[in-house]
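# Tertiary structure, described
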Amino acid sequence: MRIDEILYTQGFGTRRVCAGLVQQGLVRVAGTVVADPATEFGAEGLLLTVQGTEWAYHEKAYLMLHKPAGTECSQKPSTYPSIYTLLPSPLRLRPNKGAVQGVQAIGRLDQDTTGLLLLTDDGQFIHRMGSPKHHVPKVYEVGTKHAIDDTQVARLLDGVVLDDDPKPVRAAACEPVGPLQLRLTLTEGKYHQVKRMLAAVGNRVETLHRSRIGPLALPEDLAPGQWRWLESAQVEALRTARPSQPANRVDR
């Protein structure tokens, strides 16, 4: 593949801009400046240096982000900064035929909710992870206003009715981890679901943090606002995630 085409697929600008980066001597491969935009390289596994920044080639982008509080999962935020401002420009500009440019969040977290968020430019992966038919479990660490009791836990497991749907919604797992702390596993993704479920049993969410999606746990060393590439094994594990996977499995 031509080097200018490789740069284009990675989100470094239009084809003309990418050709210009090469012609200006701003692109290196294996430490050597590439001067001709038509120079061919095998893209898989290629490590580039563009304007002094190292960049590994990825045919599709799969990321995890530790979403901080006070951010919105929107390209056009209304009040708070967008999570997309936490990503480097190439990830926001990756070309995507017939779709919005750049990587997209798989689902949303409220502005005050923190934790694990997945982003990709793979439309099939977005559908697989977001489809209610696949019931990928998501684990939330919930801080509550009032003490958790056995009756509330039983009701969350048995199912509560929300105001927009007569069909009860149930927690796949529910475990008190402190007087005002609850670990809740859901396989659906309704609007404000955790907050509304806690309200339905007479409690209130004070803090909310997503710690896991399917087999993938938020790494302890990934600070709020930081992101990293998913490894191929992690992507494959997410593709094949099932609700039956144990919620207490630990990732590296």
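Here the structure is shown first, and the text comes after it.
From a predicted model like this one, the values you see are computed outputs, not experimental measurements. (Residues numbered from 1 in each chain as written. Predicted model: local features only at pLDDT ≥ 70, side-chain atom pairs only at ≥ 80, totals over all residues. Heavy atoms only, no water.)

A word on helix α7 (residues 232–239). Those residues of α7 that sit buried are Q234, V235 and L238. The buried residues of α7 occupy one face: seen down the axis, they fall within an arc of 100°. In α7, the exposed positions angled more than 90 degrees off the buried face are occupied by S232 and A233. Check the buried side of α7 and you find it contacts β5 (62–67), β7 (114–120), α4 (123–130), β13 (205–213) and β14 (216–217). (Buried < 20%, exposed > 50% of the residue type's maximum accessible area, 1.4 Å probe, protein only. Helix = DSSP H or I, 4+ residues; strand = E, 2+ residues; numbered from the N terminus. Arc of directions from axis to C-beta. Contact = heavy atoms within 4.5 Å.)

Further remarks concern the environment of T79. Relative to the assigned elements, T79 resides in the loop between β5 and α3 (89–93). When its relative accessible area of 61% is taken as the criterion, T79 is described as exposed. Distance in space between the C-alpha atoms of T79 and P68 is 15 Å, their sequence separation being 11 residues.

On to the sheet that holds strand β3 (residues 47–50), then. Taken in spatial order, the 4 strands make up an open sheet running β2-β1-β3-β4, and their pairing is antiparallel. Among the strands making up the open sheet, the edge pair consists of β2 (32–33) and β4 (53–56). With 3 bridges connecting them, strand β1 (residues 27–29) and β3 associate as antiparallel partners. What sits directly across from V29, in β3, is L48. (Pairing = 2+ DSSP bridges.)

Scanning the entire structure with this criterion turns up 4 aromatic pairs. Taking 5.6 Å as the distance between ring centres and 80° as the angle between the ring planes, the aromatic pair formed by F12 and W55 counts as edge-to-face. Residue F12 is located in the loop between α1 (3–9) and α2 (15–23), and its partner W55 is located in strand β4; the two are separated by 43 residues in the primary sequence. Neither F12 nor W55 differs from the other in exposure class; each is buried. For W55, a relative accessible area of 7% translates into the label buried. One aromatic cluster in this structure is built from F12, W55, W227 and W229. (Phe/Tyr/Trp six-rings, centres within 6.5 Å; stacked < 30°, edge-to-face > 60°.)

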